[in-house]
Every structure is written in structure tokens, then in C-alpha cells.
Amino acid sequence: MKMKMELMLLMVVSALLLLAAVVHGQQTYVANKQLDCYNDYNSTGGYLCNSVSSSCQSYLTFRSIDPLYNSPTSISYLLDSTPSAIASANNISDVDPIPADTPVLVPVNCSCSGNYSQHNSSYTLKTAADTYFGVANNTYQGLTTCQSLMHQNSYGDRNLTKGLVLQVPVRCACPTAVQVAAGVNYLLVYLVDWGDSIAAIAEQFGVDESALLAANDLSSTDIIYPFTPLLVPLKTKPTPQQLQLPTSPTPSPSPPSPPPPSGGSSNNKKWVFIGVGVGASCLLLLLIVLFFLSKRRHRQRRQSTKPNLKSSGDYTPSPLLPITTSNSDDTTKSWSAYSSSSGLKSAVESLTSYKFEDLQKATQFFSESGRINGSSVYRANFDGDEAAVKVMIGDVSPEVNILKRINHSNIIRLSGFCVHRGNTYLVYEFAPTGSLIDCLHKGAISTLSWKQRVQIANDVASALNYLHNFTEPPLIHKNLNTSNILLDANLRAKVANFGLARAVELDKVDEDGGEGFQQTRHVVGTRGYMAPEYIEGGVITPKLDVFGFGVVLLELLSGRPASGDKGEHTLLCESIAEVLEGDDVRNKLKGFIDPSLKGEYPLELAFSMAQLAKSCVAPQLNSRPTMAQASGTLAKILSSTLDWDPSDAEDLSDSRTLSFGR
């Protein structure tokens, strides 16, 4: 009896060791956790080092969707491969252009770095608007994660600036001992496409479906998502033909019958007995493995049903439409499937639906010459009507829902949309003069006059007052800056970019009777425009917009950037107090105002505007005016400005308002 128990225990231990080896040979599928940048998961750090060798040749897939990366040379520069290797892997020359949206094989050297298996690349930030999320999910198309970028680089997510060089850990893996024993020589990092399924991917690359599931620690009931990496175990090098989906299922040829072994009927019986014994052993081990896997899966599902107790945070892109592991029809690529899942359907019912081909034609195939300031926005022309097309990844329904219910002449208008391969293309009215930051600091046009500056300030104040007091529920923009203020042909301002906007309940009060507020742990914004309470505690109130508006006023007055001139560490919002306090206020104010105005402004009104700006950027939020109050003050300044005669400038400069500082 004791011997039997020891034998059973030995079998269980052996099964557990086998199970550990199998699990150790798997890499956890990232699912959509790569979209949640401020939370770490085991799968977002990278693929674990669990291979036979410390380095190997691996393969990536990459889609040529950006005009910047449409040749072997440009793609090799991004992914730190070589043009000749990419050309050879795809049966093209290293100078051949690659059509848009074409999947490409990229050979890379994969090695172990710390605990993770990765291929090291680097990326130089192109604009001040670049983020870890955008680099991971847009530029690198999901081949890395924002979490791993944050761990690999010392720059804080709010300190990214144009020209910084990021170290990019690209996801890759080498075959494990279990996979090598099964004949696997390469692991392909395949980016799941719209309409893919485990069965379809397995057929596409000629691999066993169970091996594909095991390589990614998936079960047949799990779901996969577009634009996420999936490891495909291959016995031979991948070919470009395998990246092209078959037009119709091709029936698998029947395997040839194995030749009968020599040795007569006794040998036949021997092989039958061996086969039965091996089959029974495998079945027993499989049952034990399935038991433990089902227990673990049940535990994970119980944990996933627990309520989320996290405090309210900023908008995080919602998961994309899941793709089941069962066979799916090409209709899963349709707009209706995407929109009904993402919550975008109801948001776009009143908008014009564009075909992707129409957008390509209108933007000259998203040519680099039409890209606006290196952003993801392209200039477009629809039969003579100019527009701006913004390319976005992830769930954009929050921003669309906000813009859909806004109707104000000083807020950019959203007119249409298109969804193509999971990317959303939003079509906005076009502001031909560009952004306010370009006009003030980059010489996009000749110098803005005093009247034009006051008119722009009044337009922005009117837009914010509308958001705070005339929408239901009230809205906070949260990211007001001169980059997000666009100018039309008549230099009238339009507030844009509502990706961070939040709806708030202003009728709630706190325990001290003050205005209610929300809090977030995800503090994102632009340096120089963020209020102190938001930076330090994530506090969100309408006074956050008031602070940003005050900084915009200071930029209009001084012509200086919000973050201070080069070589200065003082923010613009911190410098106005020194100007308006102490002695000789008049001369200090004259020195503060943009010299390009050449003195052609009423100093009296400039002083009033500076006072308003100072109150808007007050460190204590309760010391700031409401947007309604600020808008009322600006309306009076504008009225006086329109009546102002430039010939009266000298008389106004000696007004009694400024005499106290002399």
C-alpha cells in the first residue's frame, strides 16, 4: 500500500514538473493591457527569458502604414535591422517602396536582457506631443509597450521633449527547450490584424493550433485583439506569402499513410502495444495538466469579477473589439462590428462616413508634405473643401461624444469619420492659419496686432465659458495651451484637441462648502500650463482651465513661450507677479510686452489684461476667477480695444492706473 502511494506521489510530482516545464515554455499574451500605461502587468514587461539559448534570430511583422516607414531602409532604421535583411526576407530589393498597409517581415537578433527577451532599438522623439503611449502603440504598432518604455528610460512621462532619444525594448522570443524538442526553430512576433482568429493564424502559417495556443498561454476560449503581438512557433523561416491571408480556405491534404514497419505481425503488435501505452500515459498527464489549468483559469476568472476600486483616472483607451479564437468571417472587419463594440456607433450617427479610399485621395495618400507640424493630422481636400484628418488609435468615442454635442463657433467642428483596420480617422474643419503657438513663437505669419490678440483671447474665453456653463454636464478641457488653439483665415480662435476633456458635476460641494472636485492619479498635460493643485494632487476643477487660460493670456501679451525662454528656468506664469508688483510697474510692463508690437498698444488695457492673467494663474485655485468672470472682463477689454485709436497710445500710457508703481 505504501509503495502504491509513493508511486502515485511520484507520478503526480512528475506531472507537476512536466506542467511547470510546459508553462515555463509559454509566454503570456498581452491582451489589451498595453493600453493601461500606468499599471504594470506581468505580460506588459516583455517576454520572459526561458529559451535554450541566450540569443537567436527572430522575426517581427510590421505594417507599412506611415509614409515615414514605407521602405526596407526606413523600417530598418526604426527597428534596428538592416535593409538587406528585410529585403531578402520579403523577396524585394532594398530600394523598393512598400505599398501602404502591407505586412512586412523584419529579421532581428533577439537576446536576453535582465529577465526579458528583447531586441533593442532606439527612437528619437519627433515632436513635443510624442508620448510613451503613442510611440509604443502607434509608431511601433504594439511591438513594445508603454510600460516597458517607462521602465527602460529615465525620462518621466511629463518630461518628454522633441529630440530626446528613447531606448525601445522590442518584443521578441527564442524557442524554449519544449519547443526545440518539437522541432520549432523560430518564433515570429505576429501583429494580430482585424478579423484574425487563432484558427486562421494557425492555418496561415501552417502550424498546429494547440502549439499556437500553448506558445501564448491561451486556451481555446480566450479572445485575441487586433494590434497585439502573438508568438507563432515555426519550424522554418517565415515567408512573405504567409503574411497574405488566403482568399478561401484551402482543404488540408490528407496525410500519407505511414509505411508498415518491417518484421511481420509480431512487430506490428509490438508497435501497437507501445502506441497504446504511450497514448495512455500522455492521456493521464494531459488530464492532470488540464485539471491544474482549469483550477488556475477558474481562479483568474473569479479575480477578474472583483469590482474595480481604483479612484477615477484620466481617460485610458478602452480595449479594442475582441476577436474570438474560433473561425471568424471577414465581416468582422466591418464598421458595424467595430462601432457597436467600441461605443462609437451612437457617437457618430450624425457625422459623415468617409471611405478610406476617399481619405487617401484627399490627403494624397497621407503624404508627408500634408502632415501638419509632424503630428498625426493631415491636410485634406475634398472636392475643393479643405479639412483636417486626424489619425487615431484605440477607442476615440469619449472625444467624439464630447465634440458631437458641442456647437460653438470658437470650438473646432468635427464633421466626419472613417474606420479602417482599427484606426479611426476623424475629419475636422480646417484652420488654415495654423496654431496660435506657431503664430506667436515660430513666425508662421506676420506679427499679430494688439486688436487681433485681444480678439483671440476673447474667443478662447468665450469657448471655455461655454464648456463650463452651457454644456450638460459641464466640461473641462484639461489641456488648454497655444498648440490646441487654432486660427481660421480671419484669425478667429478655435479651441481643439479634446482627448483629455472631462465631464464634471459642478453642483456638488465639498465638506468645507467649496466647489466640488475630482481627482486623478494620471496627471498629464503640457509643462507651463498645468495648475499647481493638478500637478501635486491630481485635482481637477474648472479652475484648471482658468489657469491654462491665464498662461495663454501671458503668451499673447509677451510673445514668450509658457515654459520660459531658452536658458531660463522660470515659467511664464511665475514671472508676471514680479512685473505687476513693486516699483516702476509701467516700465516693467513695457519690458514684458511683446517687443514685436513696437509699442502699438494701449498700455492701460494691457495692464488690465495682465492683471486678469495674474489672477488666473494664482497658486491658490480659490483666488482665481471663474471662466464666466474672466470672459466678462475680456469682453470689456475687447470693447475698449475696438474703440482704441493707435494715436492715443501715448496719452493712455500716462494713466492714473499705472501711476502708483512709479
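The rules behind these values
- Within any chain, residue numbers begin from 1 and follow the written order of that chain's sequence.
- Totals for whole chains, interfaces and linings use all residues, but because this is a predicted model, local features are given only for residues with pLDDT of at least 70 and pairs of side-chain atoms are given and counted only at 80 or more.
- In computing side-chain values, all of the structure's heavy atoms are included and hydrogens and water are not.
- The helix count covers DSSP runs of H or I at least four residues long, the strand count covers runs of E at least two residues long, and both are numbered beginning at the N terminus.
- In this scheme, a residue with accessible area under 20% of its type's maximum is buried, one over 50% is exposed, and one in between is partly exposed, where area comes from a 1.4 Å probe on protein chains only.
- When checking whether two residues touch, look at their non-hydrogen atoms; a contact exists if any pair is within 4.5 Å.
- Surface accessibility in these figures is a Shrake-Rupley result with a 1.4 Å probe; residues are shielded only by whichever protein chains are displayed.
- Definition of nonpolar core: a set of buried residues of the types Ala, Val, Leu, Ile, Met, Phe, Trp, Tyr and Cys, connected through side-chain atoms within 4.5 Å.
- Note on aromatic pairs: the rings of Phe, Tyr and Trp (six-membered ring only in Trp) are paired at centre separations within 6.5 Å, and the planes decide the class, stacked below 30 degrees, edge-to-face beyond 60, tilted for the rest.
- By the criterion adopted, a ring carries a charge over it if an Arg CZ or a Lys NZ lies within 6 Å of its centre and within 35 degrees of its normal.
- Between any two strands, pairing holds if DSSP finds at least two bridges.
- Here an angle of 0 to 180 degrees is reported between the N-to-C directions of two axes, which are lines fitted to C-alpha atoms, with helices fitted over the stretch in contact.
- Note on terminology: angles under 35 degrees are roughly parallel, angles over 145 are roughly antiparallel, angles of 65 to 115 are roughly perpendicular, and the others are oblique.
- The handedness criterion is simple: a crossing whose near helix is rotated anticlockwise from the far helix by less than a right angle is left-handed, and one whose near helix is rotated clockwise is right-handed.
- In this count, Pro and Cys sit with the nonpolar residues alongside Ala, Val, Leu, Ile, Met, Phe, Trp and Tyr, while Asp, Glu, Lys and Arg are called charged and the others, Gly among them, polar.

Novice: What exactly am I supposed to notice about the overall build of the chain here?
Specialist: Secondary structure summary: the chain contains 22 helices and 21 strands in total. Counting the 662 residues in the chain, one finds 48% classified as buried. Sequence-distant contacts, at least 24 apart, represent 71% of the contacts inside the chain between residues at least 6 apart. Only carbon and sulfur atoms are counted for the fraction: they give 55% of the accessible area of the chain, which is about 32,400 Å².

Novice: Teacher, can you tell me more about the nonpolar core here?
Specialist: One recurring pattern in soluble globular proteins is that nonpolar side chains are buried together. In terms of nonpolar packing, the biggest core is built from 88 residues, with Leu436, Trp450, Phe498, Phe549 and Met609 touching the most fellow members. Ignoring sequence-local partners within four residues, the contact set of Phe549 consists of Ala457, Val460, Ala461, Leu464, Leu480, Cys616, Met627, Ala630 and Leu634.

Novice: Explain the packing of aromatic side chains here, please?
Specialist: Between two aromatic rings, the relevant description is the distance of the centres plus the angle of the planes. On inspection of all chains with the given rule, the structure shows 10 aromatic pairs. Ring geometry for Phe62 against Tyr69: centres 6.4 Å apart, planes inclined by 85°, an arrangement best described as edge-to-face. There is no split in this pair, since Phe62 and Tyr69 are both buried. Here the aromatic cluster, defined as three or more aromatic residues joined through ring pairs, consists of Phe356, Phe366, Tyr378 and Tyr425. A cation over a ring is seen here: Lys33 above Tyr41, with NZ or CZ 5.7 Å from the ring centre.

Novice: Could you clarify how one ought to interpret unusual backbone geometry in this entry?
Specialist: Going from Glu472 to Pro473, the amide bond is cis rather than trans, its omega being -5°. Of note, Pro473 is situated in the loop between helix H14 (450–469) and strand S16 (475–476). A positive phi angle, near 50°, is found at Asp383, a position not held by glycine. Mapped onto the elements, Asp383 comes out in the loop between strand S11 (377–382) and strand S12 (385–393).

Novice: For this particular structure, what's the right way to read the sheet that holds strand S10 (residues 352–353)?
Specialist: Each strand in a sheet pairs with its neighbour through backbone hydrogen bonds, running either in the same direction (parallel) or in the opposite one (antiparallel). Spatially, five strands are ordered S10-S13-S14-S12-S11 in an open sheet, and the strand pairing comes out mixed. In the strand order of this sheet, the two ends are held by S10 and S11, each with one partner. Sitting on the sheet, helix H12 (residues 397–404) touches S12, strand S13 (414–420) and strand S14 (423–429), and the angle it makes with S14 is about 25°.

Novice: Which parts of the structure should I look at to understand the packing of helix H16 (residues 542–558) against helix H17 (residues 572–580)?
Specialist: Each pair of packed helices can be summarised by the angle the axes make with each other and by the distance between the axes. Look at H16 against H17: their axes get within 9 Å of each other, and the N-to-C directions meet at 65°. Regarding the angle of H16 to H17, the classification is roughly perpendicular. Of the two elements, H16 crosses H17, and the hand of that crossing is left-handed. Contact with H16, carried on its side by Phe547, Val551, Leu554, Glu555 and Ser558, involves Leu572, Cys573 and Ile576 of H17 and no other residues of that element. By residue class, the composition of the contact of H16 with H17 is six nonpolar, one polar and one charged.

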